[in-house]
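# Per-entry structural report
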Amino acid sequence: MSDVLLRAVQEYVEENIGYFHEKRLETVKNKRLDDVLKRKNPYLFRAKSQSPIQLVYGIMDAFLSSQEEGLFGTFLEGVAVFVAEQVFLGYKPAKGELRGIDLVLEKNSKLYIVEIKSGPNWGNSSQVQRMLSNFQDSIALLQPRFPDKNIVPINGCMYGKERSPEKTGTIKRTGRPDESLVYWKLCGQEFWYFISNNIELYTDIIEPLGYRAKERNSEFQEAYENFVNDVLYDFLGRYRNSKGGIAWDRLTEFVSKSEADDAFGDWTK
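Since this is a predicted model, take the numbers as computed values, not measurements. (Residues numbered from 1 in each chain as written. Predicted model: local features only at pLDDT ≥ 70, side-chain atom pairs only at ≥ 80, totals over all residues. Heavy atoms only, no water.)

### Regarding the nonpolar core
Phe191, Trp192 and Ile195 are the most contacted members of the largest nonpolar core, which totals 32 residues. Among the secondary structure elements, those contributing two or more residues to this core are helix H1 (3-29), helix H4 (52-88), strand E1 (103-107), strand E2 (110-117), strand E3 (150-157) and helix H6 (189-194). With 9 residues, the single largest contributor to this core is H4. Not counting residues within four places of it along the chain, the set of residues in contact with phenylalanine 191 comprises Ala80, Val114, Ile116, Gly156, Cys157, Met158 and Leu186. Counting residues in each nonpolar core, the second largest holds 24 residues, with Val36, Phe45, Val56 and Phe235 among its members. (Core = buried A, V, L, I, M, F, W, Y, C linked by side-chain atoms within 4.5 Å. Buried < 20%, exposed > 50% of the residue type's maximum accessible area, 1.4 Å probe, protein only. Helix = DSSP H or I, 4+ residues; strand = E, 2+ residues; numbered from the N terminus. Contact = heavy atoms within 4.5 Å.)

Right under this line is the structure:
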């Protein structure tokens with residue numbers, strides 16, 4: 001990476017990494033036991049035959065991991081868009097302009113439309129179908145504005161590897177024949193090179209991301225420990241049985257008991 005671009009990325013990270021840490025803190029300051037439990041599978045945890053403390057820490061770790069992955073993915077997407085802006089005058093489309101598209105840039109006389117994901121294993125078949133439809137719809141909108149440009153769809157993944165980047169997807173349309181769409185799946189080093197023309201960018205950005213990390217993590221750890229203590233105290237008060245174990249029936253009722261007005265009526269007939 002050039003010294004000028006590296007300094008620009010460092011400044012961007014230093015100005016914006018605080019947002020990630022603030023949101024990360026909010027996940028443990030503004031949540032309670034019900035927020036953590038309501039989307040968890042009690043049958044899975046029962047199969048592990050855990051103690052109350054093991055269960056709470058397991059749930060908390062899974063909850064925190066999913067929250068952090070989403071928050072940091074959003075932040076790192078911002079870094080990628082910033083780099084593309086600096087190098088290629090790329091831009092993030094306005095909300096509602098191009099559904100699902102995170103970045104548009106011109107390079108090598110082509111117009112690229114990019115959906116940015118965290119890693120290569122980001123979605124199931126339905127989600128991939130949605131991305132392909134987004135690509136197709138965006139091409140239809142942009143082609144009249146850029147009649148002389150070849151518009152190339154890119155699935156950009158911020159980490160990971162992809163041995164065969166060129167892909168052919170099949171778009172299934174109700175009442176119409178299926179359509180094929182060629183796109184590129186660029187992961188890790190290839191993605192960061194694509195948006196910067198710098199082969200080392202994927203490693204160069206690691207150091208700036210650690211800006212004030214020790215200080216931020218100390219603050220977070222204190223808040224996290226308080227959160228876990230509150231959740232554990234609440235859990236033991238509500239879901240501990242007379243023998244000191246877990247009252248699995250009460251826990252399962254909280255997660256799965258029907259709240260429908262006519263839960264057991266004739267709706268299946």
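Picking up after the structure, the text goes on.
### A few points about the packing of H1 against helix H9 (residues 213-239)
Between H1 and H9, the least distance of the axes is 9 Å, while the angle of their chain directions is 10°. The angle between H1 and H9 falls in the class roughly parallel. Of the two possible hands of crossing, H1 and H9 adopt the one that is left-handed. For the pair H1 and H9, contact is made by Gly18, His21, Arg24, Leu25, Thr27, Val28 and Lys29 and by Arg216, Asn217, Glu219, Phe220, Ala223, Tyr224 and Phe227, respectively. (Axes fitted to C-alpha atoms, helices over the stretch in contact; angles between N-to-C directions. Parallel < 35°, antiparallel > 145°, perpendicular 65-115°, else oblique. Left-handed = near helix turned anticlockwise from the far one by under 90°.)

### A look at the pairing of E3
Counting buried residues in E3 gives 7 out of 8 residues, a clear majority hidden from the surface. Note on the crossover from E2 through helix H5 (residues 125-142) to E3: the handedness is right-handed. Note that E3 and strand E5 (residues 179-187) share 4 bridges and pair parallel. Across the sheet, residue cysteine 157 finds its bridge partner in E5, namely cysteine 187. (Right-handed = clockwise from strand over helix to strand, strands pointing away. Pairing = 2+ DSSP bridges.)

### Thoughts on unusual backbone geometry
Unusually for a residue other than glycine, asparagine 108 sits at a positive phi of about 55°. Note that asparagine 108 resides in the loop between E1 and E2. Of note in this structure, asparagine 197 is not a glycine but carries a positive phi near 60°. Relative to the elements of secondary structure, asparagine 197 occurs in the loop between H6 and helix H7 (201-204).

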